[in-house]
Amino acid sequence: MRARCIIGVFALLTGACGGPIETLSEAEPAPDAEFPAGIDRATPWPVTAFPALPLIATDAPAARVELGRLLFFDPILSIDRETACATCHSERWGMGDGLPRSVGHGAGLRAGPGRRGPNTLRRNAPALYNLVFRESLLWDGGSRTLEEQALIPLLSDDEMSVDPATLVEELAKIPEYSGLFSHAFPEDPRVSVENLAGALAAYQRTFISNRSTYDGYVEGRPQLMSVDEVEGMFRFADLGCHECHTPPLFESEIFANRNVPEVDGVEDRGREEQTGLVEDRGKFRAVTLRNLMSNGPYFHNGSVTNKEDAIRHELTQSGMLFDDEDVRLITLFIDKTLRDERLEAVRPAAVPSGLPLPIDPPGSR
Ligand code: HEC
Ligand code: HEC
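Residues numbered from 1 in each chain as written. Chains lettered and ligands numbered in written order. Predicted model: local features only at pLDDT ≥ 70, side-chain atom pairs only at ≥ 80, totals over all residues.

A.B. asks: Which residues make up the site of ligand 1, and what values do they have?
C.D. replies: Lining the immediate environment of ligand 1, one finds 26 residues, of which Cys-85, Cys-88, Leu-138, Trp-139 and Pro-153 sit closest. Listing elements by their share of the shell around ligand 1, those giving two or more residues are helix H4 (85-88), helix H5 (146-155) and helix H8 (193-204). No other element matches H5, which puts 5 residues into the shell around ligand 1. Here the residues of the shell around ligand 1 are counted per class, giving 17 nonpolar, 7 polar and 2 charged. (Near = placed C-beta within 6 Å. Helix = DSSP H or I, 4+ residues; strand = E, 2+ residues; numbered from the N terminus. Nonpolar A, V, L, I, M, F, W, Y, C, P; charged D, E, K, R; others polar.)

Right, here's the structure in full:
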């Protein structure tokens, strides 16, 4: 058995593994063992609780979140009046769209993997979980706040392609929306571009993934994870995955070039497009592995369809030796224990514009 650094109650007591223990740093290191008696939660890294939600999330008025929800599902936000944010970020596809690369306006109401149209984007739609904790958004870190980001798909020629100022005028003519905006923003009760972005941002800050088996395990319920899942977690750490996909969020602001397969006809310089630095070419953000199972195909260009293949690719990039059993166990750990089954977005039955909602194929989830 390889030498391991076990963190848990025992390590917290002994100060093993260089964890954040200040007072006990003189203590003996932990012995090499799987689950020493009395340890109820062993992890290969210091246990860090899921971060508390910041005030910006907890203080958002319910009316603002609800307005954001209706806007998120309303295709009035697009030039063809058929494309909503939810077309590409659907609760039926883990807040992505099940496509390798998203398809913008001009493709009809149909969403999900069958969507085809003239505006195929160059990137895969990310799952929108735990955005409230992020320092940068987008695969290349090109946006810093959810308010700023919300305008990008609206303005993009190949996504929704609307002028936000004209859109706001249109929304103001719909009595239900003007009423909702004034409740959502009592201090500035206007239908404005800022408030439109603010409502979308407030809604998206409610997408939290923190109720996985892993979360229960580190909170002190070791029986939740099987022996194989625990083994997968240790191999995940042994192979260095946690250095970029860092617990408890299993992501980080690290940008790295993982040499993912290229897609014909798609040019993407990644982080270089933001920094202008040649050494950032092909670098993308270390995205979250929480809820990975529902957000395939994988990587910034959706070039890998199968989850195990994506994980195998990442193992290859580690430069370390690994075998099929590593792939199996790490897949199991990510797939089964980082999964939070709650449906964050609840699709409204109707939206204030009266337009039909995007259609995801029945039984698609
Ligand atoms: C045509 C499909 C499409 C539509 C419509 C769309 N998005 Fe996206 N979204 C994407 C893609 C693709 C990306 C990744 C783009 C990139 O990284 O350059 C993305 C990225 C994002 C991100 C950043 C996520 C992250 O993890 O960094 C947020 C937030 C987001 N979209 C919200 C929205 C909102 C709000 C709307 C509606 C106003 C919207 N999207 C409409 C496809 C879409
Ligand atoms: C040096 C940082 C780094 C390390 C170490 C790392 N990753 Fe990644 N990982 C990334 C980046 C960056 C991406 C996005 C790459 C892209 O799309 O071009 C990624 C993407 C992924 C994806 C696809 C996610 C998605 O939603 O499409 C999976 C799965 C994954 N990594 C698993 C792993 C595993 C398993 C390990 C350990 C063997 C690992 N990674 C190690 C940085 C890292």
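So much for the structure itself; the text now carries on.
A.B. asks: Can you break down the environment of Asp-335 residue by residue, with the values?
C.D. replies: Checked against the element boundaries, Asp-335 lands in helix H13 (residues 324-337). Assessed through the 17 C-beta atoms surrounding it within 10 Å, Asp-335 is described here as partly exposed. Distance in space between the C-alpha atoms of Asp-335 and Leu-289 is 8.8 Å, their sequence separation being 46 residues. Leave out the neighbours within four places in its chain, and Asp-335 touches Met-293 and Lys-307. (Buried ≥ 20, exposed ≤ 12 C-beta atoms within 10 Å, placed from the backbone. Contact = placed C-beta atoms within 7 Å.)

A.B. asks: Go over helix H7 (residues 175-184), please, and point to the residues and values.
C.D. replies: Regarding H7, the residues found buried are Tyr-177, Leu-180, Phe-181 and Ala-184. Looking straight down H7, one finds its buried side chains confined to an arc of 100°; they lie on one side. Against helix H3 (62-73), helix H6 (164-172) and H8 lie the buried residues of H7. (Arc of directions from axis to C-beta.)

A.B. asks: Please provide a residue-by-residue account of the site of ligand 2, values included.
C.D. replies: The local shell around ligand 2 holds 26 residues, among which Cys-241, Cys-244, Tyr-298, Phe-299 and Glu-314 are the closest. Every element with two or more residues in the shell around ligand 2 is listed here: strand E2 (284-285) and helix H12 (307-317). The element best represented in the shell around ligand 2 is H12, accounting for 4 residues. For the shell around ligand 2, the residue count by class is 17 nonpolar, 5 polar and 4 charged.

A.B. asks: Please set out the nonpolar core residue by residue, giving values where relevant.
C.D. replies: Counting residues in hydrophobic clusters, the biggest one holds 38 residues, and the most contacted among them are Leu-71, Phe-72, Leu-77, Phe-181, Ala-199 and Leu-200. Here the element with the most residues in this core is H8; it accounts for 7 residues. Among residues more than four places away in sequence, those in contact with Leu-77 are Leu-71, Ala-84, Cys-85, Leu-154, Met-160, Val-162 and Leu-167. Residues Tyr-214, Tyr-217, Phe-299 and Val-304 belong to the second largest nonpolar core, which totals 24 residues. (Core = buried A, V, L, I, M, F, W, Y, C linked by C-beta atoms within 7 Å.)

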